[in-house]
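The chain contents come next:
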Amino acid sequence: MDIRSISWGQTIPLRHSVLWPTKSPEYCHVEGDEDALHFGAFDNKELVCVASVYIKADKARLRKFATKANYQNQGIGSIMLKSILDSLKKTDVTVFWCDARESALSFYQRFGMQSYGERFYKADVSYFKMKVVL
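All residue numbers here refer to positions counted from 1 along the written sequence of the relevant chain. Given that the model is predicted, a residue must reach a pLDDT of at least 70 before its local features are reported, and side-chain atom pairs must reach 80 or more before they are shown or counted; all residues, however, enter totals for whole chains, interfaces and linings. Hydrogens and water are ignored here; the side-chain numbers use all heavy atoms of the structure.

Peer 1: Is there a simple way to explain the pattern of salt bridges in this structure?
Peer 2: It is possible for side chains bearing opposite charge to pair when their charged atoms get close. Definition used for salt bridges: Asp or Glu carboxyl oxygen within 4 Å of a side-chain nitrogen of Lys or Arg. Under the counting rule described, the total for this entry stands at nine salt bridges. We note a salt bridge from Asp2 to Arg4, for which the minimum N-O separation is 2.4 Å. Burial status follows relative accessibility: with a 1.4 Å probe on protein chains alone, a residue under 20% of its type maximum counts as buried, one over 50% as exposed, and anything between as partly exposed. Residue Asp2 is classed as partly exposed on the basis of its relative accessible area of 34%. When its relative accessible area of 38% is taken as the criterion, Arg4 is described as partly exposed. The shortest N-O distance in the salt bridge between Lys68 and Glu46 comes to 2.3 Å. Separated by 22 residues along the polypeptide, Lys68 in the loop between strand E4 (59-67) and helix H2 (76-88) and Glu46 in strand E3 (residues 46-56) bring together distant segments of the chain. Judged by relative accessible area, which is 27%, Lys68 ranks as partly exposed. Under the DSSP-based scheme used, a helix requires at least four consecutive residues in state H or I and a strand at least two consecutive residues in state E, with every element numbered from the N terminus.

Shown next as structure tokens:
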């Protein structure tokens, strides 16, 4: 598995197919994409996982983390998240956070992330904010 920086435009097809298949590809472009860091996991030359990190001051937010359906549950997301955290530790970022689906809390906890605040919902899916100090 090769993890490397990609452009925000490269994230759109995978975001679209995994996160919002019923929406238009344009819907998958989020505010701040042009200034964010984008990471891709490649199996040979195939892009199979994407994640975007939006940095504001000393805080980095993970958003739009998506793995191609036939590559899920194979550890690729873990490799991706570890790579992102390792790269952020070399910067001035001190806090890494995300909105995590409640069903994924244990995944993020493996990386030292802790939930905080109250449960909230997006489109009937329950989430918690999670963070880790780097």
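Peer 1: What exactly am I supposed to notice about the nonpolar core here?
Peer 2: Grouped burial of nonpolar side chains is what soluble globular proteins tend to show. In terms of nonpolar packing, the biggest core is built from 26 residues, with Leu62, Ile84, Phe96 and Tyr108 touching the most fellow members. Contacts of Ile84, omitting those with residues within four sequence positions, involve Phe39, Ala51, Val53, Leu62 and Phe96. In this description, a nonpolar core means a group of buried Ala, Val, Leu, Ile, Met, Phe, Trp, Tyr and Cys residues linked to one another through side-chain atoms lying within 4.5 Å. Residues Leu14, Phe42, Leu47 and Val50 belong to the second largest nonpolar core, which totals six residues. We call two residues contacting when some pair of their heavy atoms lies within 4.5 Å.

Peer 1: Teacher, can you tell me more about the environment of Leu14 here?
Peer 2: Inspection of the secondary structure assignment puts Leu14 in helix H1 (residues 8-19). Exposure remark for Leu14: the relative accessible area of 6% places this residue in the buried category. Along the chain, Leu14 and Cys49 lie 35 residues apart, while their C-alpha atoms are 7.4 Å from each other. Beyond its immediate stretch of four places on either side in the chain, Leu14 contacts Leu19, Leu47, Val48, Cys49, Val50, Ala66 and Lys68.

Peer 1: Would you explain the sheet that holds E4 in this entry?
Peer 2: Strand-to-strand pairing in sheets goes through backbone hydrogen bonds, with the strands running parallel or antiparallel. A pair of strands is considered paired only if DSSP assigns at least 2 bridges between the two. Overall, mixed pairing links the seven strands, which are arranged E1-E2-E3-E4-E5-E7-E6 in an open sheet. What marks the edges here is a single partner per strand, and that holds for strand E1 (2-5) and strand E6 (114-122). Across the sheet, the axes of successive neighbouring strands diverge by a mean angle of 25°, strand direction being ignored. Inspection of the sheet shows E6 paired to strand E7 (residues 125-133) by six bridges, in the antiparallel sense. Following the sheet pairing, Gln114 is matched in E7 by Lys131. As a rule, the C-alpha atoms of each element are fitted with a line to give its axis, helices using only the stretch in contact, and angles between N-to-C directions run from 0 to 180 degrees. Lying over the sheet, H2 contacts E1, strand E2 (37-43), E3, E4, strand E5 (95-101) and E7, oriented at roughly 35° with respect to E3.

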